[in-house]
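Architecture at a glance
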Amino acid sequence: MIVIRFFSFALLAFFSLSLSAETEKVLNFRTSVDEIRYHDLISELRCPKCQNQNLADSNAQIAIDLRTHVYDMVNDGTSDTEILAYMVARYGQFVLYSPQKKGVNFILWYGPFVILGVGLIGFILVIRRNAKRRKQRAKS
Amino acid sequence: MSKKMRKVALFLPFLTFALLAGVFFSQLGKDTQYMPSALIGQPVPDFSLVSLKSNELVSKEALGNEGYLINFWGTWCPACSFEHDYLMKLASDGINIVGIDYKDETQEAIKWLQEKGDPYSVVLLDELGNFGVDMGVTGAPETFVVNAMGVITYRHQGIVNEEVWQTMKGYLK
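What comes next concerns the included structure. (Residues numbered from 1 in each chain as written. Chains lettered and ligands numbered in written order. Predicted model: local features only at pLDDT ≥ 70, side-chain atom pairs only at ≥ 80, totals over all residues. Heavy atoms only, no water.)

A few words on the packing of aromatic side chains. Here the structure, examined in full by the defined rule, presents 12 aromatic pairs over all chains. Centroid distance Phe29 of chain A to Tyr71 of chain A: 5.2 Å. Interplanar angle 80°. Geometry classified as edge-to-face. Of this pair, Phe29 of chain A sits in the loop between α1 (2-23) and α2 (32-44) while Tyr71 of chain A sits in helix α3 (residues 61-75), and the two are 42 residues apart along the sequence. As far as the burial class goes, Phe29 of chain A and Tyr71 of chain A line up, both buried. Ring plane angle 25° and centroid distance 6.0 Å describe the contact between Phe72 of chain B and Phe131 of chain B, whose orientation is recorded as stacked. In this pair, Phe72 of chain B is assigned in strand β3 (residues 68-73) and Phe131 of chain B in helix α4 (residues 130-134), connecting sequence segments 59 residues apart. Like Phe131 of chain B, Phe72 of chain B is buried. Put simply, the rings of Phe47, Phe72, Trp76, Tyr102, Phe131 and Phe144 of chain B touch in pairs and so form one group of aromatic residues. (Phe/Tyr/Trp six-rings, centres within 6.5 Å; stacked < 30°, edge-to-face > 60°. Helix = DSSP H or I, 4+ residues; strand = E, 2+ residues; numbered from the N terminus. Buried < 20%, exposed > 50% of the residue type's maximum accessible area, 1.4 Å probe, protein only.)

Now the structure itself:
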């Protein structure tokens, strides 16, 4: 039983290996910085077809196409901001895994800290009042 | 703090809960796959694509200044096959449909149109899908409504049918 299991696992591993080797093509970059930029960008950009996957993870046709676009732009010397703007202009804010920190998004990014601050102020006020009361009780 | 204010404060957690429950409830049953197009309200991006029928380059100025539909399709796409009959009906009703043969083989496309009929006023070849990316397309079929001003007013992902068309046609003007 164990032998069969091991065998099937080895078979599976072998096939998944050959499969991933088939889909990956060799990418050449001018500099190692470009390579890092490329990998950062495709992990930061969301696949518009398959939600909850980034461009790096997805094998949807559109994700493959967009990876090629990012690759071409990186090699053409386009800046990160320009590449992100290019994607947002076509697919909307949706494609950014870290949305821009302005407009309604501001509440999403900083709202929790504001609420935390309000809670903290309330907490301090209650503690102070209780301390005052205790003092008054001790006096009387 | 007055006694009245304290009473109100006691209800704060409940009010917060009610508010959140309301927000979450209003989001229930919505299509989670729905993604608004970034191109709504924008003019059609510039392009220069080869026409399948005339073999000449066509740019957006040639598409005229009356409302039309841009339909992305491909012979590789099963849903496009389902959609085709309804597009034929729209075309016979006089709707101007611009077809984009998206990431497809030209020979296959010619065969498809011969066999199934041709609802398109013009078919443009987007073999690499670059125009698709400019339009924010994620697959096929996908249909855009362009109004008389040349502005994109509506985008539908998936099959166009009678029900979808009822909403769509309002955006054509």
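Before going further, it helps to spend a moment on the environment of Asp80 of chain A. All names here are of chain A. Topologically, Asp80 is positioned in helix α4 (residues 80-91). In this structure Asp80 comes out as partly exposed when scored by relative accessible area, which is 31%. Between the C-alpha atom of Asp80 and that of Pro99, which follows or precedes it by 19 residues, the distance is 15 Å. A polar atom in the side chain of Asp80 sits 2.7 Å from the side chain of Arg37. (Polar contact = N/O pair within 3.5 Å; in protein donor to acceptor, adjacent residues only side chain to side chain.)

With that settled, the discussion passes to a positive patch on the surface. Side chains of Arg129, Arg133, Arg134 and Arg137 of chain A together with Arg6 of chain B sit close together on the surface and give a patch of like positive charge. By the element assignment, Arg134 of chain A lies in helix α5 (residues 105-139). When its relative accessible area of 57% is taken as the criterion, Arg134 of chain A is described as exposed. (Patch = residues over 30% accessible without salt bridge, like charges linked within 9 Å, V, L, I, M, F, W, Y side chains within 5 Å. Areas by Shrake-Rupley, 256 points an atom, 1.4 Å probe, with all protein chains shown as cover. Salt bridge = Lys/Arg side-chain N within 4 Å of Asp/Glu carboxyl O. Lys, Arg positive; Asp, Glu negative; His and termini not counted. Charge placed at Lys NZ, Arg CZ, Asp CG, Glu CD.)

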